[in-house]
Amino acid sequence: MSSIPGILPYIQIILSALLTGSILIQQSEAGLGGAFGGDSFSTTHHTRRGFERTIFIWTIVLSVLFALSTFLVLITQ
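All of the points below concern the structure found in this document. As the structure is a computational prediction, the values presented were derived from the model and not from experiment. (Residues numbered from 1 in each chain as written. Predicted model: local features only at pLDDT ≥ 70, side-chain atom pairs only at ≥ 80, totals over all residues. Heavy atoms only, no water.)

What to know about the side chain of Thr59
If you trace the backbone, Thr59 turns up in helix α3 (residues 51-76). Owing to a relative accessible area of 10%, Thr59 belongs among the buried residues under this scheme. Ignoring anything within four residues of it in the chain, the contact list for Thr59 reads Leu19, Ser22, Ile23 and Gln26. (Helix = DSSP H or I, 4+ residues; strand = E, 2+ residues; numbered from the N terminus. Buried < 20%, exposed > 50% of the residue type's maximum accessible area, 1.4 Å probe, protein only. Contact = heavy atoms within 4.5 Å.)

In structure tokens, the structure reads:
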């Protein structure tokens, strides 16, 4: 158990880099048009399929793992 506190910072760095990358890969539905006053009436319901769904689920898993590693750091200190 003594080696876990020494490894946790490296695990968190890897998880944070993967989480940041998976968030940046995802496409935004709003785009720049919605940010600068474009019409919001042209938006339709969007269902994630294929690779987009895989990235979405992977992002959720990474965020849960990062939160668990953070709580583990708090417990081990």
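Topic: the packing of helix α1 (residues 4-25) against α3
Orientation of α1 relative to α3, taken along the N-to-C sense of each, is 155°, at an axis distance of 9 Å. With respect to α3, the axis of α1 lies roughly antiparallel. When the axes of α1 and α3 are compared, the crossing they make is left-handed. Contact residues: α1 offers Ile4, Pro5, Leu8, Gln12, Leu15, Ser16, Leu18, Leu19, Ser22, Ile23 and Ile25, while α3 offers Ile55, Trp58, Thr59, Leu62, Ser63, Leu65, Phe66, Ser69, Thr70, Leu72, Val73 and Thr76. (Axes fitted to C-alpha atoms, helices over the stretch in contact; angles between N-to-C directions. Parallel < 35°, antiparallel > 145°, perpendicular 65-115°, else oblique. Left-handed = near helix turned anticlockwise from the far one by under 90°.)

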